[in-house]
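# Results of the structural survey
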Amino acid sequence: MKYSSYWHDTAPRFAGAAAGPVEGHYDVVVVGGGFTGLGAARQLAMAGAKVLVLEAETVGFGASGRNGGHLNNGLAHSYIAAKAELGKERAIALYRAFDASIDTLEAIIAEEGIDCNFRRAGKLKLASKPQHFEGLARNFEAVHAEVDPDTALLSATDLKDEVGSPFHGAMLSKKSAMMHMGRYVVGLAEAAKRRGAVIVEGAAVTERSQAGGKHVLKTTKGTVTADQVMIATGAYTTANFSYFRRRIMAVGSFIVATRPLTDAEVASAMPGNRTCVNTMNIGNYWRLSPDNRLIFGGRARFSATSDQRSDARSGAILRESLAHIFPQLAEVEIDYCWGGLVDITKDRYPRAGYHDGIWYAMGYSGHGAQLSTHLGMTIADAILGRSDRNPLKGLDWPAVPGHFGKPWFLPLVGLYYKTLDRFQ
């Protein structure tokens with residue numbers, strides 16, 4: 001078993017990074033070389049801007065290369081709850097931004113010729129308990145009537161041709177998709193470079209300041225100045241950007257991938273071949289990979305670390321969950337086990353905009369693979385002075401109380417959600 005991301009291990013290495021040193025002046029410096037930052041850089045470069053991407057590790061190192069491979073449209077939240085919390089107009093705008101993000105990905109992949117197994121698969125949100133189906137049905141009625149007719153409500157009987165595990169029904173979101181995340185992020189980086197962006201890996205920002213109306217960024221590979229700075233670092237945001245760090249919690253998310261399943265095993269477990277998520281608070285999500293591995297993830301432990309020891313402990317928990325949902329696969333070998341950090345906001349809605357001289361997009365709360373490229377491009381358009389399409393503009397973003405770096409309170413959060421799952 002490899003303690004590394006399946007997406008990283010089965011994708012080519014990005015070979016277009018500039019060697020450095022980091023120097024000179026740019027129109028825009030983007031901090032972070034994942035989906036958000038690369039999507040913004042490509043958009044800026046296509047408009048003729050001189051743009052530099054600073055990546056502390058390697059392209060796609062963070063959440064962009066460590067996720068479950070889902071591209072799910074619509075809100076992760078209950079749409080009914082989102083209307084109550086955000087107001088109907090913003091809830092609809094945000095829902096449609098998630099929808100548009102799938103279209104954006106499909107268009108970029110076609111335009112840039114990225115070989116990443118993109119496929120409109122549809123997503124099933126599966127009711128783990130009978131009472132959960134009642135909530136799904138209420139939410140479906142509102143979604144279907146007000147914002148997304150490309151949805152369906154499936155009964156437990158309907159699911160027999162979809163998932164080889166007993167659930168109490170599901171909501172099907174037909175626009176949802178999947179792709180190979182590692183191949184996509186490398187392809188997006190190559191596209192950004194082809195369009196004129198400069199990408200430097202291993203260039204962590206160590207200090208930032210302003211002088212003469214310009215931003216000054218010191219990095220491990222030199223110093224650069226810029227007219228505009230955009231931060232796209234998510235859960236890997238450092239103390240140099242403390243405003244943002246205080247508003248996101250870095251939480252570990254963990255995933256395992258089985259060996260390639262046989263045709264008979266696929267037919268017994270995932271005949272529908274869609275992306276799937278269940279309705280537990282500490283839930284699981286899964287899909288088949290292009291080579292028919294079951295990629296199965298979840299918040300196995302509420303931890304702010306991801307290393308081999310932590311990933312191994314979480315992987316053991318995930319294996320138990322996999323065996324519980326798919327007992328027919330209980331003895332199937334696990335080939336990959338990995339983890340990564342997810343940037344969660346207090347209310348689990350993403351944030352994007354401009355604060356104190358810095359443009360930003362982050363806080364995807366475990367649902368950024370689909371939205372991040374699109375939102376990066378949206379902020380790039382705002383930097384360029386184009387029409388403002390940001391569905392999150394002006395949304396209040398209070399700091400997490402008592403949070404100044406490492407989220408010490410995560411075990412308490414985990415205990416709370418475990419209690420909810422027991423009684424709800």
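A brief report on the enclosed structure follows. (Residues numbered from 1 in each chain as written. Predicted model: local features only at pLDDT ≥ 70, side-chain atom pairs only at ≥ 80, totals over all residues. Heavy atoms only, no water.)

## Examining the sheet that holds strand β15 (residues 284-288)
Strand order in this open sheet of eight strands is β6-β7-β5-β14-β15-β16-β13-β17, and the pairing throughout is mixed. Since the sheet does not close on itself, it has two edges, and those belong to β6 (151-154) and β17 (334-344), each with one partner. Strand-to-strand twist across the sheet, computed as the mean angle between neighbouring axes with direction ignored, equals 20°. In this sheet, strand β7 (residues 170-173) lies alongside β6 in antiparallel orientation, the contact comprising four bridges. The residue of β7 that forms the bridge with Ala152 is Leu172. Helix α5 (residues 130-146) contacts β5 (123-126), β6 and β7 of the sheet and is inclined by roughly 155° relative to β6. (Pairing = 2+ DSSP bridges. Helix = DSSP H or I, 4+ residues; strand = E, 2+ residues; numbered from the N terminus. Axes fitted to C-alpha atoms, helices over the stretch in contact; angles between N-to-C directions. Contact = heavy atoms within 4.5 Å.)

## Quick notes on unusual backbone geometry
Cis geometry is found at the peptide bond from Gly20 to Pro21, where omega equals 5°. Within the element layout of this structure, Pro21 appears in the loop between α1 (6-9) and β1 (25-31). Non-glycine residue Ser365 carries a positive phi angle of around 60°. Mapped onto the elements, Ser365 comes out in the loop between β19 (358-362) and α10 (368-383).

## Looking at the sheet that holds strand β8 (residues 177-178)
Here we have three strands laid out as an open sheet, ordered β3-β8-β4, and antiparallel in their pairing. Single-partner strands in this sheet number two, and they are β3 (70-71) and β4 (119-120). Relative to β8, β3 is paired through two bridges, and the arrangement is antiparallel. Counterpart to Leu71 in the pairing with β8 is Ala177.

## What about helix α2 (residues 35-46)?
Under the 1.5 Å per step criterion, the end-to-end length of α2 is 16 Å for twelve residues, consistent within 8% with the ideal 16 Å. Counting buried residues along α2, eleven of its twelve residues qualify, which places the element largely inside the surrounding structure. For α2, the complete set of buried residues consists of Phe35, Thr36, Gly37, Leu38, Gly39, Ala40, Ala41, Arg42, Gln43, Leu44 and Ala45. Just past α2, the residue Gly48 takes up positive phi, approximately 95°. (Expected span 1.5 Å × (residues − 1). Buried < 20%, exposed > 50% of the residue type's maximum accessible area, 1.4 Å probe, protein only.)

## Details of the environment of Leu94
Structurally, the position occupied by Leu94 is in helix α4 (residues 88-112). Along the primary structure Leu94 and Ala63 are separated by 31 residues, whereas in three dimensions their C-alpha atoms are 21 Å apart. Once residues lying within four places of it in the same chain are set aside, the contact partners of Leu94 are Leu75, Leu86, Tyr349, Pro391 and Leu392.

Any functional reading would require information beyond the geometric quantities listed.
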